[in-house]
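Summary of structural features
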Amino acid sequence: MTPTLRTARMTLTPYRPEDEDAFVGLLRDEEVCRWMGQERAPEADLRAVFKVIMDEIYPQHRFDLWAVWLDGAYVGHAEIKKTGNVDGYEMIAAFVRDSWGKGLGSELVRELIRYAARTLGVDRVYGMVGAENAASLALCARLGFTFVRDVVGDDGSVTKMLVVPTGAAPNEAAPSQAPNEAAPNEAAPKEATAPAEGAPGREPALPPGPQS
């Protein structure tokens, strides 16, 4: 099952049924959606996503996702999962607006990188960050990410692919208790991706708040 994680200031826990309104509120915020590079989804759709999280993703151990808490208050969302963006795992993070500017983005991304290394056994982390998301790009630069290439969407939007090593051994096997259903592709370097654009459960990932 998805484990509880802790950083210096935050606690990451599996979602509980009573967290639904907080999850929906985060992804209904127009400013958050703007920095995610997507239209705000209808409330009914977000509640349907939350139902899938509780009824399918956790029971089937499909991938890890967390509610993020600071001093007992919900401040964000995090995921790590395999996607089609790169050959490996993708990390996803988003924060409520009131938590921007507190350095939480760097703290959370560092913990997700550690989790990818020690639990999933991946040796590098990829980030898909919108070209206009200057604060998230600066965050990744501070954490040692380097530019790989630009990815241009059908609508002309540009997403920058970034990469950073996790410190894990290249061929280190993931521990048997790892909660993710799918293991990294053994035929290719084990990889993960850091926060980028999109909504939880979709192919693109979420950025940390633009001032995290």
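Here's a quick rundown of the structure.

Definitions and cut-offs
Residues numbered from 1 in each chain as written. Predicted model: local features only at pLDDT ≥ 70, side-chain atom pairs only at ≥ 80, totals over all residues. Heavy atoms only, no water. Helix = DSSP H or I, 4+ residues; strand = E, 2+ residues; numbered from the N terminus. Buried < 20%, exposed > 50% of the residue type's maximum accessible area, 1.4 Å probe, protein only. Contact = heavy atoms within 4.5 Å. Areas by Shrake-Rupley, 256 points an atom, 1.4 Å probe, with all protein chains shown as cover. Pairing = 2+ DSSP bridges. Phe/Tyr/Trp six-rings, centres within 6.5 Å; stacked < 30°, edge-to-face > 60°. Polar contact = N/O pair within 3.5 Å; in protein donor to acceptor, adjacent residues only side chain to side chain. Core = buried A, V, L, I, M, F, W, Y, C linked by side-chain atoms within 4.5 Å.

1. A word on the overall build of the protein
Helices and strands together make up the secondary structure of the protein, namely five helices and nine strands. Taken from N to C terminus, the helices and strands of the protein fall in the order β-β-α-α-α-β-β-β-α-β-α-β-β-β. Within the protein, the proportion of its 212 residues that are buried is 51%. If you take every contact in the protein between residues at least 6 apart in sequence, the share linking residues at least 24 apart comes to 66%. A total of about 9,500 Å² of accessible surface is found on the protein, and carbon and sulfur atoms cover 50% of it.

2. Regarding unusual backbone geometry
Even without being a glycine, His61 presents a positive backbone phi close to 55°. With respect to the element layout, His61 can be found in the loop between α3 (43-57) and β3 (64-70). We note that Asp71 has phi near 50°; this positive angle belongs to a residue other than glycine. Relative to the elements of secondary structure, Asp71 occurs in the loop between β3 and β4 (73-83).

3. A short note on the pairing of strand β7 (residues 146-152)
One ladder, built from six bridges, connects β7 with strand β8 (residues 158-165); its direction is antiparallel. Bridge pairing links Arg149 to Met161 in β8.

4. Points about the packing of aromatic side chains
With the rule as written, the count across this model stands at six aromatic pairs. Relative to Tyr74, the ring of Tyr15 lies with its centre 6.2 Å away and its plane at 50°, an arrangement referred to as tilted. With Tyr15 in the loop between β2 (10-13) and α1 (20-28) and Tyr74 in strand β4, the pair connects residues that are 59 residues apart, well separated along the chain. The class for Tyr15 is buried, based on a relative accessible area of 3%. With 5.6 Å between their ring centres and 75° between their planes, Trp69 and Tyr74 make a pair best called edge-to-face. Taken as a pair, Trp69 and Tyr74 share a single burial class, namely buried. Through a chain of ring-to-ring contacts, the aromatic side chains of Tyr15, Phe23, Phe50, Trp69 and Tyr74 assemble into a single cluster.

5. Focus on the side chain of Glu111
Along the chain, the position of Glu111 falls in helix α4 (residues 104-118). Assessed through its relative accessible area of 4%, Glu111 is described here as buried. In terms of polar contacts, Glu111 uses its side chain to reach the side chain of Arg118, at 2.7 Å. With residues up to four places along the chain from it excluded, the contact list for Glu111 reads Leu5, Arg6, Thr7 and Arg118.

6. So, the nonpolar core
Among the nonpolar cores identified, the biggest contains 50 residues, and Leu12, Leu108 and Phe145 are the most heavily contacted of them. A total of seven residues in this core trace back to one element, the largest contributor, which is α4. Beyond its immediate sequence surroundings of up to four residues, Leu108 is in contact with Met10, Leu12, Val68, Ala78, Ala93 and Phe95. In this structure, Val86, Met128, Met161 and Val163 belong to the second largest nonpolar core, which totals five residues.

7. So, the environment of Glu30
Relative to the elements of secondary structure, Glu30 occurs in helix α2 (residues 30-36). Judged by relative accessible area, Glu30 falls into the exposed class, the value being 56%. Distance in space between the C-alpha atoms of Glu30 and Ala41 is 9.7 Å, their sequence separation being 11 residues.

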